[in-house]
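# Tertiary structure, described
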Amino acid sequence: MAAKGKRADPYHVWLSEVMLQQTTVQAVKPYFLKFLAAWPSVTDLAAAPVEDVMAAWAGLGYYARARNLKKCAEAVANEHGGVFPDTEEGLKQLPGIGDYTAAAVAAIAFNRQAAVMDGNVERVISRLFAIDAPLPGSKPAMKAKVAALTPSDRPGDFAQAMMDLGATICTPKRPACALCPFNGHCLALAHDEPERFPVKAAKKAKPVRLGAAFVAVNASGEILLRRRVESGLLGGMTEVPTTAWTARMDGGTEASHAPFAAGWQAAGVITHVFTHFELRLTVYRAQVPDGLKPGPDDEWWEPVTNLDAQALPTVMKKVIAQAIPSAYRPENRN
DNA sequence: AAATCGTGGTA
DNA sequence: TTACCAAGATT
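Okay, so let's go over this structure. (Residues numbered from 1 in each chain as written. Chains lettered and ligands numbered in written order. Predicted model: local features only at pLDDT ≥ 70, side-chain atom pairs only at ≥ 80, totals over all residues. Heavy atoms only, no water.)

## Regarding the layout of surface pockets
Applicable threshold: In the cavity and pocket records, a cavity denotes points on a 1 Å grid over the protein atoms alone where a 1.4 Å probe fits but cannot get out, a pocket denotes an open set with protein on both sides within 12 Å along at least 5 of 7 lines, and lining residues are residues with an atom within 4 Å of a point. Grid points are joined across faces, edges and corners, and a volume is the space filled by probe spheres set on the points. Helix and strand definitions follow DSSP, with helices as H or I runs of at least four residues and strands as E runs of at least two, each counted in order from the N terminus.
Of the pockets and cavities examined, the second largest pocket occupies roughly 480 Å³. Lining the second largest pocket we find 21 residues, and of these G61, Y62, Y63, F274 and T275 sit closest to its centre. Those elements that provide at least two residues to the lining of the second largest pocket are helix 5 (64-79), strand 4 (265-273) and helix 13 (314-323). When residues in the lining of the second largest pocket are grouped by element, the largest group, three residues, is from helix 5.

What follows is the structure, given as structure tokens:
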């Protein structure tokens, strides 16, 4: 972070804010450093192969962010001369930059008086004013409160201070109200019920989906991989062949969806929880001879020693580790 | 405009 | 263990 009231590098601010969307600082740190080392400027990122960017993002989640990150870098490099727009409105036109990120970059990197509101700020504001209307419907009213509080002097520092307050003092459970600089003006505290806010709409139950995954290893120690379609869940990421992920496991479905006939052996079940469903995959493995042709739909054979360089999401690392326990041991990596 | 989209940490 | 949720965006 830059010194008090100073503008930080817009590329650094943008990259960190995108990574921090729905993601903890702890999880982001190593990825942020890795990206800056690989691509020191936005033009470097714009010039990078998208596969490299997806592989570098693997494990961080919400992979549409990585696809939009690349598109945004290309837009800045090709349509803005390699310079980020310096207004909230200009930034919001770019891929992957919404209300929050546009305001955050405008305030922190360009000293603009933009109202920055993330989940932390929503919690602080909802408590300060004891807002009973549930999120997300109450968002516009809350943002108006933030805008009214945001100063013209050092708006970026104000934004970061509000987020820090929400992250460390005005926490979801057991907030440290005694330490809060607003404890003389907080309506929720005055009513002795800070934890009642923010009020949120009820969330729905998480269904279970079932499927099977197939790990084929040939005599040369290569594993059969394929690339998922660009859109939707894990879009553009790498996977091993699987059946469809459906509510029911239909008998006979599994063998018919194997990439080819082989001595498939069940190797156990892995469970992975996504945002809106839980996935249980039965893992099958087979030792096959060399020379099998990869299927038509973006399949290839990859040395098991090179899995770290692949764009494998966490669920697929679980599958491979289940089938090949040694795959992710250090001595088997390049 | 409700649904979709990952993962890991915490209580 | 379950539930929540973390510096949200897109369709």
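## Some remarks on the protein's contact with DNA strand B
Applicable threshold: One heavy atom within 4 Å of a molecule or strand makes the whole residue count as near it. In protein, a polar contact requires one atom able to donate a hydrogen and another able to accept it; more generally it is a pair of N or O atoms within 3.5 Å, and residues adjacent in sequence count only if both atoms are side-chain atoms. In this classification, Asp, Glu, Lys and Arg are treated as charged, Ala, Val, Leu, Ile, Met, Phe, Trp, Tyr, Cys and Pro as nonpolar, and every other residue, Gly included, as polar.
Neighbouring DNA strand B are 20 residues, the closest being L234, H272, T275, H276 and T314. Counted by atom, the contact set of DNA strand B within 4 Å of the protein is 65% sugar and phosphate. Separating a base nitrogen of DNA strand B from a backbone N or O atom of Q22 is a distance of 3.0 Å. Within the backbone of L234, an N or O atom sits 2.5 Å from a phosphate oxygen of DNA strand B. Those elements giving two or more residues to the surface near DNA strand B turn out to be strand 4 and helix 13. By residue class, the composition of the surface near DNA strand B is nine nonpolar, ten polar and one charged.

## Here we look at empty space enclosed by the protein
Scanning all chains against the criterion turns up two cavities of 30 Å³ or more. In this model, the largest cavity occupies a volume close to 120 Å³. Lining the largest cavity are 14 residues, and of these R127, C170, C177, C180 and C186 sit closest to its centre. Considering every element that reaches the lining of the largest cavity, the biggest residue donor is helix 8 (residues 119-128), with three residues. Grouping the amino acids of the lining of the largest cavity by side-chain chemistry returns twelve nonpolar, one polar and one charged. Roughly 30 Å³ of volume is contained in the second largest cavity. Tallying contributions element by element places helix 10 (residues 155-168) first for the lining of the second largest cavity, with three residues. Considered class by class, the residues forming the lining of the second largest cavity number six nonpolar, one polar and no charged.

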